[in-house]
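Geometric and topological summary
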Amino acid sequence: MAAVMANTPSVASSSAPTATLKESKNRRSSLASSATVSTIQGDRSRRIAVPMPRSMADLHNNAARFGMSGVDFYHHGKKHIKHDGHVDRLGHEHVVVVTGWDKHTEPTPMSTHNDTYKAHRIEPRKGPAPHSARNPLPFEGTATSADYKAHTIDPRRSPGRAPAPKSEPFLGNSTHLTDYVPHKIEARKAYERPPAAKQEPFNGTRTSDDFCAHRIEARTAPGRPKAPPSQPFNGNSSYQEAYIPHAVKVNKPFERPAASPSLPFESTSEYLQNYMGHKIAKREMVHMEPAIHQGGGTGADAPSRLDTEQPESLLLLRALFL
C-alpha cells in the first residue's frame, strides 16, 4: 500500500484529476455490475432442502452440513447474501449457493494469545573465551624440604609379656562353706497298704425272697355293644317345617324392540362448531448446494471481494493501475 501511495502523487497533482476520477468510478460501477451478473454454479448432486431460514445464523447452521468454513451465500448464485435483510428476500424453492473451503484445507486458527505474544527465536548464549595458558616461571625461592632434613627412625620393639605369679593352694574356708553346712538326709520309707478285712457270710433276707412271682391271666378285650334296631323316621324336621318349597315361575327371555329407522343428521355438532377445519399451509423450503469449484475460500466463479466490499479508496487505486 505504501508503494502504491508513493507512486500516485503525480496522478493526484496532474492537470486532469476530474477525468481520472470519473473514469475510475465508471470502471468500479462496471466491476460491481459484472459481479452481480456473474453466476456461481452449484453442485446439484449435493443439494439439500432445508426449512425457510429466518436469519444468517440459520444459513450458517445449515451450511455446516457441507463441512466447509469461511462460507458465503449467494441467492441463485448471483446476489451476495450478507445480512438478515437479504435473507428475508428468499422465497419458496429458491436456491442458495454456498462458497467456502473444506475444513481439512482450512488454515490453522490462531488465538489472540498467540497473535499478541509471538514466539521469538532465542539464540544460545556464547560462553566466555577460554584464557590462554601462561608460560610457567622458574621457582627461585626456598622449598620446605630444604629446611626439614630427613631423620632415621629406629624400629619400635613390642614389650614382652610379664611372667604370671605362682599360684598357691587355698587352705581357708569360704563364706558359703561356713554358712551352708551340709546335713544328712534319711531315706523315706515306701507306703505299705493295710491288709483287707475278712468277708463274713450274709445271713439276712432279700426282696426277691419276700415277693413271690404270681401268675397273670390273659386279659380279654371287651365286646362292642350291639346297636338297637333302626326304626323308620315318620316325623318332620325343623328344616322342612321352616323352609317350605314354593313353585318358581320361569322368566321369559327379554325381547329387544325393533330399531327405529335411522334419520340423517342434518344439523351441526358442537365439535364442528368449535373445531373448524383449516387448510394447512405448505411448508416453505429452500434449497442449498455447495459451489462446484472451490479454491482460495470462494467458488471459482464467485465475484471478487475486492470489487464489491473494499473501501472506495482501494477501488480507486485498483482502477487506476489496471
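We now turn to the structure provided with this report. None of the values given here were measured: they were computed from a predicted structure. (Residues numbered from 1 in each chain as written. Predicted model: local features only at pLDDT ≥ 70, side-chain atom pairs only at ≥ 80, totals over all residues. Heavy atoms only, no water.)

Attention now moves to the overall build of the protein. In terms of helices and strands, the protein carries 13 helices and seven strands. Buried positions account for 16% of the 322 residues belonging to the protein. For the protein, long-range pairs separated by at least 24 residues make up 79% of all intrachain contacts whose partners lie at least 6 apart in sequence. For the protein, the accessible surface area stands at approximately 30,900 Å², while carbon and sulfur atoms represent 55% of it. (Helix = DSSP H or I, 4+ residues; strand = E, 2+ residues; numbered from the N terminus. Buried < 20%, exposed > 50% of the residue type's maximum accessible area, 1.4 Å probe, protein only. Contact = heavy atoms within 4.5 Å. Areas by Shrake-Rupley, 256 points an atom, 1.4 Å probe, with all protein chains shown as cover.)

The set of residues buried in helix H4 (residues 56–63) consists of Met-56, Leu-59, Asn-62 and Ala-63. Take H4 and look down its axis: the buried residues cluster within an arc of 125°, on one side only. Against the buried residues of H4 lie strand E1 (48–51), strand E2 (68–75), strand E3 (79–81), helix H5 (84–87), strand E4 (94–102) and strand E5 (285–290). (Arc of directions from axis to C-beta.)

Pairing within the open sheet is mixed, and its five strands lie in the order E1-E5-E4-E2-E3. Single-partner strands in this sheet number two, and they are E1 and E3. Taken over all neighbouring pairs, the strand axes of this sheet differ in orientation by 40° on average, direction set aside. Relative to E5, E4 runs parallel, the two sharing five bridges. From the neighbouring strand, Val-95 faces E5, where its bridge partner is His-287. (Pairing = 2+ DSSP bridges. Axes fitted to C-alpha atoms, helices over the stretch in contact; angles between N-to-C directions.)

Counting 17 residues, the largest nonpolar core has Leu-59, Phe-73, Ile-81, Val-96, Val-98 and Met-288 as the members making the most contacts within it. Going through the elements one at a time, E1, H4, E2, E4 and E5 are the ones with two or more residues in this core. Non-local contacts of Ile-81, meaning those with residues more than four positions away in its chain, are made with Met-56, Leu-59, Phe-73, Tyr-74, His-75, His-86, Val-87, Leu-90 and Val-96. Ile-40, Tyr-74, Val-97 and Ala-291 belong to the second-largest nonpolar core, a separate cluster that totals five residues. (Core = buried A, V, L, I, M, F, W, Y, C linked by side-chain atoms within 4.5 Å.)

A few words on the packing of aromatic side chains. Per the stated rule, a full pass over the model turns up two aromatic pairs. Here the aromatic rings of Tyr-239 and Tyr-243 are separated by 5.1 Å at their centres, their planes lie at 35°, and the arrangement is tilted. Tyr-243 shares its class with Tyr-239; the two are exposed. Measuring from ring centre to ring centre gives 5.1 Å for Tyr-271 and Tyr-275, while their planes differ by 35°; the resulting arrangement is tilted. Here Tyr-271 and Tyr-275 have matching classes, each one exposed. (Phe/Tyr/Trp six-rings, centres within 6.5 Å; stacked < 30°, edge-to-face > 60°.)

A word on the pairing of E4. As judged from the six bridges shared by E2 and E4, these two strands associate in the antiparallel manner. Note on E4: the bridge partner recorded for Ser-69 is Trp-101.

Below, the discussion takes up a nonpolar patch on the surface. Nonpolar side chains collect at one region of the surface, where Tyr-271, Leu-272 and Tyr-275 lie side by side and expose about 400 Å² of accessible area between them. Position of Tyr-271 relative to the elements: it lies in helix H11 (residues 270–274). Tyr-271 sits in the exposed class, given a relative accessible area of 56%. (Patch = residues over 30% accessible without salt bridge, like charges linked within 9 Å, V, L, I, M, F, W, Y side chains within 5 Å. Salt bridge = Lys/Arg side-chain N within 4 Å of Asp/Glu carboxyl O.)

The phi angle at His-76 is positive, at roughly 55°, despite the residue not being glycine. Along the chain, the position of His-76 falls in the loop between E2 and E3. Among the residues examined, His-76 registers a relative accessible area of 38% and is labelled partly exposed. Unusually for a residue other than glycine, Glu-93 sits at a positive phi of about 65°. Mapped onto the secondary structure, Glu-93 falls in the loop between H5 and E4.

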